Amino acid sequence: MVQPGAEVHIFFRENNSEPFIYIGLGYPAQVDDTVPVGVRWSFTPQDNASDIPDATPYQDELRIEGATSETIAKRYERSPSARAQCIKHYGHQCQVCGIDFGKAYGPWGNGFIHVHHHTPISTINGPYVVDPIRDLIPVCPNCHAMLHRKKEVITVDELKGLIKRDRET
């Protein structure tokens, strides 16, 4: 199918609705006789290497980033005053792991913190009156991501337990 030394012009696209992007000349660096056929490519960027002074073909897998796409998503409105009241009550320290960005990063980190809703807004089905002390809690971005890591959001206490258990082992 593809013989070593053959030249193949490589084009790439993120999905079927996007136009192809010309990557360059590809050379099969390794061909595995499997089903489906496995090919590891060596690339010469944008054109033949002889047209580019001192060009060295890429000897790695193709990694494309930076393509754009449009997404339509729901955005749930937040109350800036509820956030401010939550932080005024609890402070800027993460209520899970304890990091204070002002202490960790100096003036650059002063006042930086995420605010987590104990009950995800997406599950509430419409506007509601939020209690900044009972419904919200300050958490750092890492802990916030861990709380929402899976479809079923875990509680702040559950995450604290995971951190404590990991420190004990």
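Here the structure is a predicted model, which means the values were calculated and not measured. (Residues numbered from 1 in each chain as written. Predicted model: local features only at pLDDT ≥ 70, side-chain atom pairs only at ≥ 80, totals over all residues. Heavy atoms only, no water.)

1. Brief notes about the side chain of histidine 116
Moving on, step 1. Within the secondary structure layout, histidine 116 lies in strand E4 (residues 114–117).
Moving on, step 2. When its relative accessible area of 1% is taken as the criterion, histidine 116 is described as buried.
Moving on, step 3. Those residues within four positions of histidine 116 in sequence are excluded, and the remaining contacts are Asp135, Leu136, Ile137, Val139, His144, Leu147, His148, Val153 and Val156. (Helix = DSSP H or I, 4+ residues; strand = E, 2+ residues; numbered from the N terminus. Buried < 20%, exposed > 50% of the residue type's maximum accessible area, 1.4 Å probe, protein only. Contact = heavy atoms within 4.5 Å.)

2. Digging into unusual backbone geometry
Moving on, step 1. Unusually for a residue other than glycine, asparagine 125 sits at a positive phi of about 65°.
Moving on, step 2. Topologically, asparagine 125 is positioned in the loop between E4 and strand E5 (136–139).
Moving on, step 3. Residue asparagine 125 is classed as exposed on the basis of its relative accessible area, which comes to 73%.

3. Here we look at the nonpolar core
Moving on, step 1. Within the largest apolar cluster, 16 residues are counted, with the highest numbers of intra-cluster contacts made by Cys94, Val96, Val139 and Cys143.
Moving on, step 2. Of all the secondary structure elements, the ones that give two or more residues to this core are helix H1 (80–90), E5, helix H3 (141–147) and helix H4 (156–168).
Moving on, step 3. In this structure, valine 96 is in contact with Val139, Cys143, Val156, Leu159, Lys160 and Ile163, ignoring residues within four places of it in sequence. (Core = buried A, V, L, I, M, F, W, Y, C linked by side-chain atoms within 4.5 Å.)

4. A closer look at the pattern of salt bridges
Opposite charge on two side chains lets them pair, provided their charged atoms get close.
Moving on, step 1. Under the definition given, this model contains three salt bridges.
Moving on, step 2. We note a salt bridge from aspartate 135 to arginine 134, for which the minimum N-O separation is 3.9 Å.
Moving on, step 3. Among the residues examined, aspartate 135 registers a relative accessible area of 18% and is labelled buried. (Salt bridge = Lys/Arg side-chain N within 4 Å of Asp/Glu carboxyl O.)

5. Quick word on the side chain of histidine 117
Moving on, step 1. Secondary-structure assignment places histidine 117 in strand E4.
Moving on, step 2. Setting aside residues no more than four positions away along its own chain, histidine 117 makes contact with Arg78, Tyr128, Asp135 and Leu136.

6. Describing the environment of lysine 74
Moving on, step 1. Locating lysine 74 in the fold gives a position in the loop between strand E3 (38–45) and H1.
Moving on, step 2. Spatially, the C-alpha atom of lysine 74 lies 9.0 Å from that of serine 122, the residues being 48 residues apart in sequence.

7. Focus: the confidence of the model for the protein
Moving on, step 1. Predicted confidence across the protein gives a mean pLDDT of 81, with 82% of residues reaching 70 or more.
Moving on, step 2. The low-confidence segment residues 46–59, where pLDDT is below 50, has 21 contacts with residues more than four positions distant or belonging to other chains. (pLDDT = per-residue confidence, 0-100.)

8. Some points on the environment of tyrosine 90
Moving on, step 1. Structurally, tyrosine 90 can be placed in helix H1.
Moving on, step 2. The class of tyrosine 90 is partly exposed, set by a relative accessible area of 26%.
Moving on, step 3. Once the C-alpha coordinates of tyrosine 90 and leucine 136 are considered, the two residues, 46 residues apart in sequence, prove to be 9.7 Å apart.
Moving on, step 4. Residues in contact with tyrosine 90, not counting those within four places in the same chain, are Gln95, Pro132, Ile133, Leu136, Ile137 and Pro138.

9. Quick word on the packing of aromatic side chains
Moving on, step 1. Inspection of the entire model under this criterion finds two aromatic pairs.
Moving on, step 2. Centre to centre, the rings of phenylalanine 101 and phenylalanine 112 are 5.1 Å apart; their planes meet at 90°, and the pair counts as edge-to-face. Placement of phenylalanine 101 in helix H2 (residues 101–105) and of phenylalanine 112 in the loop between H2 and E4 is noted, with a sequence separation of 11 residues between them.
Moving on, step 3. Owing to a relative accessible area of 11%, phenylalanine 101 belongs among the buried residues under this scheme.
Moving on, step 4. Accessibility expressed as a relative area gives 39% for phenylalanine 112, which makes it partly exposed. (Phe/Tyr/Trp six-rings, centres within 6.5 Å; stacked < 30°, edge-to-face > 60°.)

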